[in-house]
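Observations on the three-dimensional arrangement
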Amino acid sequence: MFTGIIEEIGEITAIAPAGDGWRLTVRAPKAAADAVHGESIAVSGVCLTVVGSTAETFDTDVMKQTLDVAAIGGAMVGTRVNIEKAMPVGARLGGHIVQGHVDGTGVVLEVRPGAQWSVLRISLPADLAPLVVDKGSISVDGTSLTVSAVSSPTTPEAWFEVSLIPETLVATTLGSRAVGDRVNLETDILARHVERLLAFRSAQEGGSR
């Protein structure tokens, strides 16, 4: 489990085929310094397992399903990634509950720089749109953010906006995002639970008629 508070920006230094997936080598000195085999590290919001490490890098395997669903499938050597190690028991929850299970991807539609912040408008897959609300939480490339605006339910192409403060622009890869970039999205787990419960209740009520 993660909080969406990015600890450092890493860089993919090697990509090797591993069956129908990849083995990635990521340079991230802070995370690698005490990384142990089998632990979880979120790489731009994707929970991955450490299978080897050096003083400055760690290796991890990425299955085909993850490559198909997440933006990491388009990564190359040199791609910069957000790094967060798993939250220790008893730590403060600085962001929100992030599982590292990417729900889908969005595309940056607009970047509006401001005097002290920047606003990103990001496309939202239709199946995720009901789970994103104004002032709610969302993880974008593993970064815990607050939704600052969201499209109307009647808008043909759903979108949402996040406002990035200077710290977020510097401490994460979001500061270098441009129109057309693909990003990982993870919706709030509480919203997903509510949606599932309502779906079952609706089915049960329909069956009892």
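Keep in mind it's a predicted model, so treat the numbers as computed, not measured.

Parameters at a glance
- Residues numbered from 1 in each chain as written.
- Predicted model: local features only at pLDDT ≥ 70, side-chain atom pairs only at ≥ 80, totals over all residues.
- Heavy atoms only, no water.
- Helix = DSSP H or I, 4+ residues; strand = E, 2+ residues; numbered from the N terminus.
- Rg over C-alpha atoms; globule rule 2.2 N^0.38 Å.
- Buried < 20%, exposed > 50% of the residue type's maximum accessible area, 1.4 Å probe, protein only.
- Areas by Shrake-Rupley, 256 points an atom, 1.4 Å probe, with all protein chains shown as cover.
- Lys, Arg positive; Asp, Glu negative; His and termini not counted.
- Charge placed at Lys NZ, Arg CZ, Asp CG, Glu CD.
- Pairing = 2+ DSSP bridges.
- Axes fitted to C-alpha atoms, helices over the stretch in contact; angles between N-to-C directions.
- Phe/Tyr/Trp six-rings, centres within 6.5 Å; stacked < 30°, edge-to-face > 60°.
- Lys NZ or Arg CZ within 6 Å of the ring centre and 35° of its normal.
- Salt bridge = Lys/Arg side-chain N within 4 Å of Asp/Glu carboxyl O.
- Patch = residues over 30% accessible without salt bridge, like charges linked within 9 Å, V, L, I, M, F, W, Y side chains within 5 Å.
- Core = buried A, V, L, I, M, F, W, Y, C linked by side-chain atoms within 4.5 Å.
- Contact = heavy atoms within 4.5 Å.

Secondary structure assignment for the protein yields four helices and 12 strands. Against the globule reference of 17 Å for 209 residues, the protein gives a C-alpha radius of gyration of 18 Å, in line with a compact fold. Dimensions of the protein, computed from C-alpha atoms along their principal axes, come out at roughly 60 × 50 × 35 Å. The buried share of the protein, taken over its 209 residues, is 42%. Working note: accessible area of the protein is about 11000 Å², and carbon and sulfur atoms make up 56% of it. Separation of charge centres in the protein, based on 16 positive and 24 negative side chains, amounts to 3 Å.

With that out of the way, let us pick up the sheet that holds strand 8 (residues 118-123). Taken in spatial order, the six strands close into a barrel running 7-8-11-10-9-12, and their pairing is antiparallel. With direction set aside, neighbouring strand axes in the sheet form an average angle of 45 degrees. When strand 9 (residues 137-140) meets strand 10 (residues 143-150), the two strands line up antiparallel, connected through four bridges. In the sheet register, Val-140 faces strand 10, and the bridge partner there is Thr-143.

Within this structure, the stated rule accounts for zero aromatic pairs. One cation-aromatic arrangement involves Arg-121 over Trp-159; the distance from NZ or CZ to the ring centre is 3.5 Å.

Following the criterion strictly, the structure yields 12 salt bridges and no others. A salt bridge links Arg-23 to Asp-61, with the shortest nitrogen-to-oxygen separation between them at 2.7 Å. With Arg-23 in strand 2 (residues 21-27) and Asp-61 in strand 5 (residues 57-62), the pair connects residues that are 38 residues apart, well separated along the chain. A relative accessible area of 37% means that Arg-23 is categorised as partly exposed. Judged by its relative accessible area of 33%, Asp-61 falls in the partly exposed class.

Turning our eyes to something else, we now look at a nonpolar patch on the surface. Together, Met-1, Leu-93 and Ile-97 line one region of the surface with nonpolar side chains, adding up to about 270 Å² of accessible area. In this fold, Ile-97 is placed in the loop between strand 6 (80-85) and strand 7 (104-113).

Next up on the list: the nonpolar core. Formed by 20 residues in total, the largest nonpolar core has its most connected members in Leu-24, Val-26, Ile-41, Val-43, Phe-58, Ile-72 and Ile-83. Those elements that provide at least two residues to this core are strand 2, strand 3 (40-43), strand 4 (46-53), strand 5 and strand 6. In this structure, Val-26 is in contact with Glu-11, Ile-12, Thr-13, Glu-56, Thr-57, Phe-58, Val-81 and Ile-83, ignoring residues within four places of it in sequence. If you look at the next biggest cluster of nonpolar residues, it comprises 18 residues, including Leu-128, Ile-138, Val-147 and Val-162.

Another point: the pairing of strand 4. With four bridges connecting them, strand 3 and strand 4 associate as antiparallel partners. When the sheet's bridge partners are listed, Ser-40 is paired in strand 4 with Thr-49. Hairpin connection of strand 3 to strand 4: two residues between the antiparallel strands, including Ser-44 at a positive phi of 50 degrees. Turn length for the strand 4-strand 5 hairpin, with the two strands adjacent in sequence and antiparallel, is three residues.

Mapped onto the fold, Gly-52 is located in strand 4. Expressed as a C-alpha distance, the spacing of Gly-52 and Ala-31, which sit 21 residues apart in the sequence, is 12 Å. Setting aside anything within four residues of it in sequence, one finds Gly-52 in contact with His-37, Phe-58 and Asp-59.

What follows is about the pairing of strand 2. Taking burial as the measure, the seven residues of strand 2 include five buried ones, the bulk of the element. In this structure, strand 2 lies alongside strand 5, joined through six bridges in antiparallel fashion. From the neighbouring strand, Arg-23 faces strand 5, where its bridge partner is Asp-61.

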